[in-house]
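As a plain string of letters, each chain reads:
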Amino acid sequence: MKVDEKEPTFHYYTDLEFAAALRIALAEAKMLVGFNIKYDLHWACRLGVLPSDGVRVWDCQTAEFILRGQKGSYPPLNEACARFDLGQKDDWKKIR
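Quick caveat: nothing in here was measured; it's all calculated off a predicted structure.

S.K.: Mind laying out the packing of aromatic side chains, listing which residues take part and the relevant values?
M.R.: For the coordinates displayed, the defined rule picks out four aromatic pairs. Aromatic pair Y13 and W43: ring centres 5.7 Å apart, planes at 80 degrees, arrangement edge-to-face. In this pair, Y13 is assigned in the segment before α1 (18-28) and W43 in helix α2 (residues 37-46), connecting sequence segments 30 residues apart. For W43, a relative accessible area of 24% translates into the label partly exposed. One aromatic cluster is present, formed by Y13, F18 and W43 through successive ring pairs. The ring of Y74 carries K38 above its face, with NZ or CZ at 5.5 Å from the centroid.

S.K.: Tell me about the pairing of strand β2 (residues 56-59), and please be specific about residues and values.
M.R.: Sheet topology places strand β1 (residues 31-34) next to β2; four bridges connect them, and they run parallel. The residue of β2 that forms the bridge with G34 is D59. The β-α-β motif built from β1, the intervening α2 and the parallel element β2 has right-handed crossover chirality.

S.K.: Would you mind going over the pattern of salt bridges in detail, with residue names and values included?
M.R.: Evaluated as defined, the whole model comprises two salt bridges. In this structure, R83 and E64 form a salt bridge, with 3.3 Å as the shortest nitrogen-oxygen distance. With a gap of 19 residues between them, R83 in helix α4 (residues 77-83) and E64 in helix α3 (residues 60-67) connect regions that are remote in the sequence. Given a relative accessible area of 4%, E64 falls into the buried group. The closest approach of N and O atoms between E79 and R68, which form a salt bridge, is 2.4 Å. Taken together, the residues E79 in helix α4 and R68 in the loop between α3 and α4 connect sequence positions eleven residues apart. For R68, a relative accessible area of 21% corresponds to the partly exposed category.

Rules of the game
- Residues numbered from 1 in each chain as written.
- Predicted model: local features only at pLDDT ≥ 70, side-chain atom pairs only at ≥ 80, totals over all residues.
- Heavy atoms only, no water.
- Phe/Tyr/Trp six-rings, centres within 6.5 Å; stacked < 30°, edge-to-face > 60°.
- Helix = DSSP H or I, 4+ residues; strand = E, 2+ residues; numbered from the N terminus.
- Buried < 20%, exposed > 50% of the residue type's maximum accessible area, 1.4 Å probe, protein only.
- Lys NZ or Arg CZ within 6 Å of the ring centre and 35° of its normal.
- Pairing = 2+ DSSP bridges.
- Right-handed = clockwise from strand over helix to strand, strands pointing away.
- Salt bridge = Lys/Arg side-chain N within 4 Å of Asp/Glu carboxyl O.

Now the structure itself:
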């Protein structure tokens, strides 16, 4: 999670402060940006954590699908990153 110009933070969903940090971030957000962010928002909703009314949501996966001319399926993150020479996503399972 990255908020404004602050350093990104990472919390496992099992961390005690996870839901509280997510609740604060979503309550204060004016815009949410993510890749397949509908999944994350659905998951947060199951925790009872909702973004504030009027928040703008930008789903980079949907944008990439549109930019590719809506051909094929929605692209995975690593494929989209490779297209823009951004490297690959970190594998949190290996880092843990």
